[in-house]
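Residue-level listing of the chains:
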Amino acid sequence: KLAALNAVISLGQIADPQSAGTGQALLLSDDLPIRKAAVVLVSKFSEAMTVAKGLTTDTDERKARIGVEVLAEIGSPEALDAIGPFLTDERAGVRIEALVGLNGRAPSAWKQSVLDRRKDPNPLVRAIAARIDPGR
């Protein structure tokens, strides 16, 4: 596992477009460090927004969360704006991922929604939202 992790981290540092497919394949890895490295790798390529949006539309909560995580890693104004609608997703885990992704950098259109999560019906979402800074 360590060799695989180091390989994915290296691919992320090199950012060769030919490694985009490898990153996409590893996004769904059960190994957290490999998945995190794959998120970084995928976010460096032009097709990252398409990949992330595809994952966010999946009915599987885990895939949707990974898609939000990729958007957060991209970090562009467009990507951060695309996270906003997930603040009101029916799945608590997706709302939490959206809060984490927007921490300290929520677009102005979504700041109130970030603050509104402090009154979320789910106690876990409320606990995360209480610690989130919507940004300036």
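From a predicted model like this one, the values you see are computed outputs, not experimental measurements. Going along each chain's sequence as written, the residues are numbered from 1 onward. Given that this is a predicted model, residues contribute local features only at a pLDDT of at least 70 and side-chain atom pairs are listed and counted only at 80 or more, while totals for whole chains, interfaces and linings are drawn from all residues. Each side-chain value is worked out from all heavy atoms of the structure, with water and hydrogens disregarded.

(A) Up close: the packing of helix H1 (residues 2–14) against helix H3 (residues 32–42). Fitted lines through C-alpha atoms give the axes, limited to the stretch in contact for helices. The angle between two N-to-C directions lies from 0 to 180 degrees. Only DSSP runs of H or I with at least four residues qualify as helices, and only runs of E with at least two residues qualify as strands; both kinds are numbered from the N terminus onward. The interhelical angle for the contact between H1 and H3, taken along N-to-C directions, is 15°, at an axis separation of 8 Å. On the basis of the axis angle, H1 is roughly parallel to H3. In the crossing of H1 with H3, the sense of the turn from one axis to the other is left-handed. Of the residues in H3, those in contact with Ala 4, Leu 5, Val 8, Ile 9, Leu 11 and Gly 12 of H1 are Pro 33, Ile 34, Ala 37, Ala 38 and Leu 41. The class makeup of the residues in the contact of H1 with H3 is ten nonpolar, one polar and no charged. Geometric relationships in this document are graded by angle, where less than 35 degrees denotes roughly parallel, more than 145 denotes roughly antiparallel, 65 to 115 denotes roughly perpendicular, and other angles denote oblique. Rotating anticlockwise by less than a right angle from the far helix to the near helix defines a left-handed crossing, while the corresponding clockwise rotation defines a right-handed one. In what follows, residue pairs with any heavy atoms lying within 4.5 Å of each other are defined as contacts. Residues are grouped as follows: nonpolar covers Ala, Val, Leu, Ile, Met, Phe, Trp, Tyr, Cys and Pro; charged covers Asp, Glu, Lys and Arg; every other residue, Gly included, is treated as polar.

(B) The pattern of salt bridges, seen in detail. Throughout this description, the term salt bridge denotes a Lys or Arg side-chain nitrogen within 4 Å of a carboxyl oxygen of Asp or Glu. In this structure the tally under the stated criterion is nine salt bridges. Notably, a salt bridge pairs Arg 95 with Asp 120, separated by 2.9 Å at the nearest N-O pair. Of this pair, Arg 95 sits in helix H7 (residues 92–102) while Asp 120 sits in the loop between helix H8 (111–116) and helix H9 (123–129), and the two are 25 residues apart along the sequence. For Asp 120, a relative accessible area of 2% corresponds to the buried category. The salt bridge involving Asp 120 is made with Arg 117; its shortest N-O contact spans 3.0 Å. Exposure is judged per residue with a 1.4 Å probe applied to protein chains only, and the accessible area is read against the type maximum: over 50% gives exposed, under 20% gives buried, and values in between give partly exposed. Taking relative accessible area as the criterion, Arg 117 reaches 12% and is therefore assigned buried.

(C) Geometry of the side chain of Asp 120. Here Arg 117 takes part through its side chain, which lies 3.0 Å from a polar atom of the side chain of Asp 120. Ignoring anything within four residues of it in the chain, the contact list for Asp 120 reads Arg 95, Val 125 and Arg 126. Polar contacts, as counted here, are pairs of nitrogen or oxygen atoms within 3.5 Å of one another; within protein the pair requires one atom able to donate a hydrogen and one able to accept it, and residues that are adjacent in sequence qualify only if both atoms are side-chain atoms.

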